[in-house]
Amino acid sequence: MQIALGLLHALRAASALAALLLLGAQQAGAREAAWCERLSAAPSPVAAQIQAQASKVIDDAPHAVPTLKTEGLLPGQGLWDESQRAKQDFPKLRALAYGWRLQGQRPMLESARAFVAAWARTYRPSLNPIDETDLKQVFEAYALIRDDLEAAERDAADAWIRRFYDGYLGGMSRRRAAGNPDRKNWQSHRLKIATAAAA
């Protein structure tokens, strides 16, 4: 009983933390992401590695899909293969975003912008935390380039990402209110996605 209560308190605290992160971002200036500016101090070997990764994918086209489905599937089943191919976009986008912040090369920003726009336009949140756990890379990359996008692009991406935050946090709140909080692995993924979306 004590262990179960401890887990419940931990999950409540984590959910509250996700909410506070969003509130803090709003109060600080709606995602100004000043931490991005510190990337120029990255050690040169790290910066070189990021630049190399970004340069390799700068001409790649996004492969956004409406649905990601890997949970409960094996290679060759259902949408598993298509989902794995689509998720290759995520590390590409992150490399391009970090490359832009480190090097200031406009083509990297333009490529990252195309990836974000494609996914925000195409993908429909399922709120399955196993299928969507890797989307945290998209949210991380978006935070790096958000201030460099046009207002219409920011509005579209913000609204899309907000659907994840509202969906996951709302679902956790409803389960807790019903006396059925999830203490399994899925909950850790929900918390991770909600927190990344809030940042």
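As the structure is a computational prediction, the values presented were derived from the model and not from experiment.

Caption draft 1: The arrangement of the overall build of the protein in detail. In terms of regular secondary structure, the protein is built from nine helices and zero strands. Each helix and strand of the protein, ordered N terminal to C terminal, gives the series α-α-α-α-α-α-α-α-α. Within the span of the protein, comprising 199 residues, buried residues form 41% of the whole. Restricting to contacts in the protein with at least 6 residues of sequence separation, those with at least 24 account for 76%.

Caption draft 2: Geometry of the pattern of salt bridges. Within the structure shown, the criterion is met by 12 salt bridges. E71 is the salt-bridge partner of K69, the closest N and O atoms lying 3.1 Å from each other. In this structure, D147 and R146 form a salt bridge, with 3.8 Å as the shortest nitrogen-oxygen distance. By relative accessible area, D147 is classed as partly exposed at 43%. Assessed through its relative accessible area of 13%, R146 is described here as buried.

Caption draft 3: Spatial organisation of helix 3 (residues 80-87). Considered for burial, the residues of helix 3 that qualify are S83, A86 and K87. Along helix 3, the residues classed as buried sweep out an arc of 95° about the axis, all on the same side.

Caption draft 4: Focus on the side chain of K87. Tracing the sequence through the fold places K87 in helix 3. Since its relative accessible area comes to 11%, K87 is described here as buried. Beyond its immediate stretch of four places on either side in the chain, K87 contacts L68, T70, D131 and D134.

Caption draft 5: Just the packing of aromatic side chains, in detail. Under the counting rule described, the total for this entry stands at six aromatic pairs. For the pair Y123 and F164, a centre-to-centre distance of 6.3 Å together with 5° between the ring planes defines the contact as stacked. Separated by 41 residues along the polypeptide, Y123 in the loop between helix 5 (106-122) and helix 6 (129-132) and F164 in helix 8 (residues 151-177) bring together distant segments of the chain. This pair shows no difference in class: Y123 is buried, exactly as F164 is.

Caption draft 6: Structural view of helix 5. Helix length check: helix 5 (17 residues) gives 24 Å between terminal C-alpha atoms against 24 Å at 1.5 Å per residue, within 8%. Of the positions making up helix 5, those classed as buried are M108, L109, S111, A112, R113, F115, V116, A118 and W119. On its buried face, helix 5 is in contact with helix 2 (44-57), helix 3, helix 4 (89-103), helix 7 (136-145) and helix 8.

Caption draft 7: Geometry of unusual backbone geometry. Positioned with a positive phi, L127 is a non-glycine residue whose angle comes to about 60°. Of note, L127 is situated in the loop between helix 5 and helix 6.

Caption draft 8: Spatial organisation of the nonpolar core. Counting 44 residues, the largest nonpolar core has L135, F139, I145 and W160 as its most contacted members. The set of elements that each furnish at least two residues to this core consists of helix 2, helix 4, helix 5, helix 7, helix 8 and helix 9 (185-198). Excluding residues within four positions of it along the chain, F139 makes contact with W160, I161, F164, I193, A196 and A197.

Reading the values: rules and limits
Residues numbered from 1 in each chain as written. Predicted model: local features only at pLDDT ≥ 70, side-chain atom pairs only at ≥ 80, totals over all residues. Heavy atoms only, no water. Helix = DSSP H or I, 4+ residues; strand = E, 2+ residues; numbered from the N terminus. Buried < 20%, exposed > 50% of the residue type's maximum accessible area, 1.4 Å probe, protein only. Contact = heavy atoms within 4.5 Å. Salt bridge = Lys/Arg side-chain N within 4 Å of Asp/Glu carboxyl O. Arc of directions from axis to C-beta. Phe/Tyr/Trp six-rings, centres within 6.5 Å; stacked < 30°, edge-to-face > 60°. Expected span 1.5 Å × (residues − 1). Core = buried A, V, L, I, M, F, W, Y, C linked by side-chain atoms within 4.5 Å.

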